[in-house]
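Summary of the model geometry
Here is how the chains run, residue by residue.
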Amino acid sequence: MVVRGSAFPASSMMKFPHKFAILLVGLLMATCALAQQSQPAQQSPILPKIFAGWEQTSAQTGTDPAVVDQASSRVLKEYGFTDFETAAYTQDGRKLTVKAARFRDATGAYGAFTFYRTPLMKTETIGTMAASDNDRVFFFRSDVLVMADFDHITAMSAAEMRELAADLPAKGGESSNLPTLPNYYPRTELQPNSAKYVLGPEALSVLNTPVAVSLVDFSMQPEILLGKYTANNGNADFMLISYPTPQIAAARLRTIEAANPQQQGTTFQAKRSGPLVAVIKGQISAGDAKSLLARVNYEADVTWNENTGLSKRDNIGNLVIAASVLAGIIFLISVGTGALFGFGRVLLQKVFPDKFQAHSDEAAFIKLNLRD
């Protein structure tokens, strides 16, 4: 039976709507999936609604670092800024404004904290690290940096900030690890709150450094720690640069030394230890500079007896290859044995016809004549 006006059988016309419906549903699901991927992922809230008696009255979220700091928005991006939340809080007539900036990991939050911290600030015990300046408190915990401005500080302000720090979301795993570069930084004679952790040229260009930005070569993705030291005869700027490999560090050291000749009244010295390059420059004696550089020593921890899972027994590829070889050997043995038994008898009959004579079908098979 053929439907008029159509070249398709009726059975095909009955099946076509079902297939069309399946195709339509698949297209709708694909469209929805693409729409969800095109929408930006919603970030979880950073600041709590209530903490230590403070109640949130208004809040603003976004991903533009210029809202957090217009002048240093590019610096925040270098540290891995992702989003922010600002909120206003009240408590018994008092006011508090909090800005929270979130970064990709704790390293970025630590770097931004050191960038904003000044030597005149007082060190506090809030979150991971904290400092205060009159009515302003800076601290960070995990990947979140917080800047809190009180209308006036009280004896309970530090405890309130500690409760706020405990309520902040925190990342786990490797994202919560702090950089290891500060472990190689000399602690003695370092001026308080002078250390600055730098990841990019924008932050380095606004800081006082003994090495020009162009000499660092940020294409190698170095980590930098800056600090000011007080020696017996004066002050000096200290710079510690970590490169991916000792070879890169050696090349950078030669470039830095060539671009910084000795000047009258200013001491400039540099050294390399593994992938670290240490540079000191300032109004100090050559002996003091050498003493500071001598404290920078890179130590690599190598464990030779640790199981890396790269042995032949642990490699699945070796297992697959060995199984394939074994299957090939068994196949060849089977084919060879079959050929030997199949063609061997015929060959023997041709070579030794007297000893191996062909038998008739009657003699070749044993038969039982069960006839009446």
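A short tour of the structure in this document, coming up.

In the structure shown here, the tally under the stated rule is five salt bridges. With a shortest N-O distance of 3.9 Å, E202 and R74 are connected by a salt bridge. Taken together, the residues span a long stretch of sequence, with E202 in helix α6 (residues 201-205) and R74 in helix α3 (residues 73-78) at a distance of 128 residues. For K171, the salt bridge goes to D143, with nearest N and O atoms at 3.9 Å. Residue K171 is found in the loop between α5 (157-167) and β9 (196-198), and its partner D143 is found in the loop between β7 (136-141) and β8 (144-150); the two are separated by 28 residues along the sequence. According to the relative accessible area criterion, D143 is buried, its value standing at 2%.

Let us look at the sheet that holds β9. Judged by pairing direction, the sheet is antiparallel, and its five strands sit side by side in the order β9-β10-β11-β13-β12 without closing on themselves. Each edge of the sheet is formed by a strand with only one pairing partner; in this case those strands are β9 and β12 (267-273). Between one strand and the next, the sheet's axes are offset by a mean angle of 15°, whatever the strand orientation. Each of β11 (235-242), β12 and β13 (276-282) touches helix α8 (residues 246-259); the most contacted strand, β12, lies at about 165° to it.

Read from one edge of the open sheet, eight strands run β1-β2-β3-β4-β8-β7-β6-β5, paired in antiparallel fashion. Looking at which strands have only one partner, the edges of the open sheet turn out to be β1 (50-51) and β5 (122-124). Summarising the sheet, β5 and strand β6 (residues 129-133) pair through three bridges and their orientation is antiparallel. Directly across from K122, in β6, lies its bridge partner S132. Contacting β4 (94-103), β6, β7 and β8, helix α4 (residues 106-116) crosses the sheet at an angle of about 160° to β7.

How each quantity is defined
- Residues numbered from 1 in each chain as written.
- Predicted model: local features only at pLDDT ≥ 70, side-chain atom pairs only at ≥ 80, totals over all residues.
- Heavy atoms only, no water.
- Salt bridge = Lys/Arg side-chain N within 4 Å of Asp/Glu carboxyl O.
- Helix = DSSP H or I, 4+ residues; strand = E, 2+ residues; numbered from the N terminus.
- Buried < 20%, exposed > 50% of the residue type's maximum accessible area, 1.4 Å probe, protein only.
- Pairing = 2+ DSSP bridges.
- Axes fitted to C-alpha atoms, helices over the stretch in contact; angles between N-to-C directions.
- Contact = heavy atoms within 4.5 Å.

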